[in-house]
Amino acid sequence: MQIRKAVIPAAGMGTRFLPITKSVPKELLPILDKPMLQYVVEEVAEAGIEQVIIVTAPGKESIASYFQTQPALEQHLLDTGATELLEKVRHASNLAQVSYVIQDEPLGLGHAVLTARESVGNEPFVVVLPDDIIAHAPGALSQMLEVAERYGPGVLAVEPVPWEVVQNYGVVEGSPVEERLQRVTRLVEKPPRQEARSNLAIVGRYVLPPEIFDCLERTPAGAKDEIQLTDALVLLLESHDLYAYEFKGTRYDGGSPMGLLRASLEFALARPDTRAAAKALIAGLGEVD
Ligand code: UTP
């Protein structure tokens, strides 16, 4: 089974990052020197997927311009001998074949995925959320494609979360299949803490069959009055096997300012070129009370 296409929903309002998201898309906020969106496009490319469909929104045109080549900038870097920077700039534009679809209104993640229906067509595909950053080599998506190769396209990335926050996630219950893998028996979007029977939360990586689109068409608005992808997965589960895969890696919640700060600090500590400076910076903070 060859998976060729990745859908990256990036049309949300990013309210947790207001006021910056008045004019800067959340997905372009940086971890160090690269936007979150680039980290996930890199993860997609590493998984061998070459076609990326970004769902964007009116007013978020800077997302498309980020992946376009910038001849004047490249010429300037060439003229000034800034070859390392030139390499970085070109890398961002050459990662994948990127196309765009517009979600006119932010009616929810499920609706954003449905907007990409025509671009995806009748084949399995992946959905990757640009504000869930997962650090690991091989990437979470590569790990999931390996699972999909054996069990078919219906693989959800999951991780155990503290019980106090289950109500913020889609939660799965399942029966064990192999290490890190469960066959899903039940899915609930944002269950109240006292009703949740599992703390295994779905995070932003999905390998999906094209049948999900019909399920999305049938899905009414749910939590937050939005069309939720998890609700469509509940319908899909009636006719299709789904698997929950506990990926290897650390996930950062880049959708919130503190999550992005944590990612920035930990990435700075992990990168050889920034490690010493990051350690000095943290040491310099001293005791904080
Ligand atoms: P989030 O719920 O994290 O994004 O959706 P948000 O709604 O922009 O953020 P807050 O809660 O207001 O702060 C996860 C991903 O799905 C996209 C978002 O852009 C984000 O990348 N999304 C969400 C859409 O593309 N369309 C939507 O209608 C909702």
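Residues numbered from 1 in each chain as written. Predicted model: local features only at pLDDT ≥ 70, side-chain atom pairs only at ≥ 80, totals over all residues. Heavy atoms only, no water.

Mapped onto the elements of the fold, Glu-189 is located in strand S10 (residues 181-189). Separated by 2.6 Å, the side chains of Glu-189 and Lys-190 make a polar contact. Within the structure, the side chain of Glu-189 is placed 2.5 Å from the side chain of Thr-230, a separation counted as a polar contact. Residues in contact with Glu-189, not counting those within four places in the same chain, are Tyr-169, Gly-170, Ala-223, Gln-228, Thr-230 and Asp-231. (Helix = DSSP H or I, 4+ residues; strand = E, 2+ residues; numbered from the N terminus. Polar contact = N/O pair within 3.5 Å; in protein donor to acceptor, adjacent residues only side chain to side chain. Contact = heavy atoms within 4.5 Å.)

On to the packing of aromatic side chains, then. Aromatic ring pairs are defined here through the distance separating the ring centres and the angle between the ring planes. Within the structure shown, the criterion is met by 5 aromatic pairs. Centre to centre, the rings of Phe-125 and Phe-213 are 5.0 Å apart; their planes meet at 5°, and the pair counts as stacked. Highlighted residues: Phe-125 in strand S6 (residues 125-128) and Phe-213 in helix H8 (residues 212-217), separated in sequence by 88 residues. Accessibility expressed as a relative area gives 0% for Phe-125, which makes it buried. On the accessibility criterion, Phe-213 (1% relative accessible area) is buried. When the ring of Tyr-151 is compared with that of Tyr-243, the centres are 4.9 Å apart and the planes differ by 45°; the resulting orientation is tilted. With Tyr-151 in helix H7 (residues 140-151) and Tyr-243 in strand S12 (residues 243-246), this pair connects stretches of sequence that are 92 residues apart. The class of Tyr-151 is partly exposed, set by a relative accessible area of 28%. According to the relative accessible area criterion, Tyr-243 is buried, its value standing at 8%. What links up through ring pairs into an aromatic cluster is the set Tyr-39, Tyr-252 and Phe-267. (Phe/Tyr/Trp six-rings, centres within 6.5 Å; stacked < 30°, edge-to-face > 60°. Buried < 20%, exposed > 50% of the residue type's maximum accessible area, 1.4 Å probe, protein only.)

Moving on, we get to a nonpolar patch on the surface. On the surface, Met-258, Leu-261, Leu-265, Leu-281, Ile-282, Leu-285 and Val-288 cluster together to form a nonpolar patch covering roughly 690 Å² of accessible area. Among the elements of the structure, helix H10 (257-270) and helix H11 (275-285) are those that each provide at least two residues to the nonpolar patch. Looking at where Leu-285 falls in the secondary structure, it is placed in helix H11. On the basis of relative accessible area, Leu-285 is assigned to the exposed category, the value being 55%. (Patch = residues over 30% accessible without salt bridge, like charges linked within 9 Å, V, L, I, M, F, W, Y side chains within 5 Å. Areas by Shrake-Rupley, 256 points an atom, 1.4 Å probe, with all protein chains shown as cover. Salt bridge = Lys/Arg side-chain N within 4 Å of Asp/Glu carboxyl O.)

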